[in-house]
Amino acid sequence: MNTNVKPIPDDMHSLTPHLVCRDANAAMDFYIQAFGATDEGRMPGPDGKLMHGMLRIGDSALMLAEENSGCAMSSPLSLNGSSVTIHLYVENADATIEQAVTAGARVTMPAEDMFWGDRYGRLVDPFGHEWSVATHLRDLSSEEIQAAMNNACPEA
C-alpha cells in the first residue's frame, strides 16, 4: 500500500452516488442541462456504451454507468422504480425544479415550504432516478421541528 496516496482523494467526499442508467451518456447530458453539472470525464466500454462517467454538481461528484444485465447492473427503468432518492441542496429549489422539468424531468411533488425549514420538492428524471430538491430557508431546533411535524403530520 502506497502511504503517499490519500485514501479519499481531495476532490471527493466519503459518500458518492453511483447511478446505473439506461443510456448513461444521455443521462450525463440531462444532468448537465437539468442541474448545471460539469462533465468530469467519460470512459466508454468495448461496446461504446458508458462504462464509467463522472459529473460534479456543486461540490459533489456523481458517478454513472450504463446498465448491464451481464454485470448485474440494472437501472430503475428495468426495475420499475427505485427505492433511493438523491437529495440536492441548491440556491433556488423552484428555479432548479423548473430547469429540470424543461430538460425532461417530471415533478412528483411541487416545491413547498416544509416544517423542517426547507423549501422542498421532488421529481423523477427521464432515467427513472428520483430526486428531492431543496433550499434551506430557516434554522430550527429539534424541538421546533418536532412540534411543527406534529402539527403538519398528526399521524406520524
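This text follows the structure it describes.
Novice: Before we go on, may I ask you to explain helix α1 (residues 24-35) in this structure?
Specialist: Because an α-helix completes one turn every 3.6 residues, residues spaced three or four positions apart along the sequence face the same direction. Look at α1: 16 Å from first C-alpha to last across 12 residues, which is about the 16 Å you get at 1.5 Å a residue. Among the residues of α1, Ala-24, Ala-27, Met-28, Phe-30, Tyr-31, Ala-34 and Phe-35 are the ones counted as buried. Angular distribution of buried residues about the axis of α1 spans 160°; they occupy a single face of the element.

Novice: Can you help me understand the nonpolar core in this one?
Specialist: In summary, soluble globular proteins display a tendency toward joint burial of nonpolar side chains. Membership of the largest hydrophobic core comes to 28 residues, with the highest contact counts inside it found for Tyr-31, Phe-35, Leu-64 and Trp-131. Those elements that provide at least two residues to this core are β1 (18-21), α1, β3 (50-57), β4 (60-66), β5 (85-89), α3 (93-103) and β8 (130-136). Among the elements that make up this core, the one with the highest residue count is α1 (seven residues). Residues within four places of Phe-35 in sequence aside, it is in contact with Phe-30, Ile-57, Leu-88, Thr-96, Gln-99, Ala-100, Leu-123 and Trp-131.

Novice: Would you explain the pairing of strand β6 (residues 106-113) in this entry?
Specialist: For a regular strand, side chains alternate in direction, first toward one face of the sheet and then toward the other. In this sheet, strand β7 (residues 118-124) lies alongside β6 in antiparallel orientation, the contact comprising five bridges. When the sheet's bridge partners are listed, Arg-106 is paired in β7 with Val-124. Hairpin connection, β6 to β7: the antiparallel pair is bridged by four residues, and Gly-117 has positive phi, about 105°.

Novice: Help me understand the sheet that holds β7 in this model?
Specialist: In sheet architecture, strand pairing relies on hydrogen bonds along the backbone and comes in two forms, parallel and antiparallel. Strand order in the open sheet made by the four strands is β5-β8-β7-β6, with mixed pairing throughout. In this open sheet, the two strands that pair with only one neighbour each are β5 and β6. The mean inter-strand angle of the sheet, taken between neighbouring strand axes irrespective of direction, is 15°. Pairing of β5 with β8 involves five bridges; the strand directions are parallel. Of the residues in β8, the one forming a bridge with Leu-88 is Val-133.

Cut-off values and rules
Residues numbered from 1 in each chain as written. Predicted model: local features only at pLDDT ≥ 70, side-chain atom pairs only at ≥ 80, totals over all residues. Heavy atoms only, no water. Helix = DSSP H or I, 4+ residues; strand = E, 2+ residues; numbered from the N terminus. Expected span 1.5 Å × (residues − 1). Buried < 20%, exposed > 50% of the residue type's maximum accessible area, 1.4 Å probe, protein only. Arc of directions from axis to C-beta. Core = buried A, V, L, I, M, F, W, Y, C linked by side-chain atoms within 4.5 Å. Contact = heavy atoms within 4.5 Å. Pairing = 2+ DSSP bridges. Axes fitted to C-alpha atoms, helices over the stretch in contact; angles between N-to-C directions.

Functional significance is not addressed by these values, which are geometric in nature.
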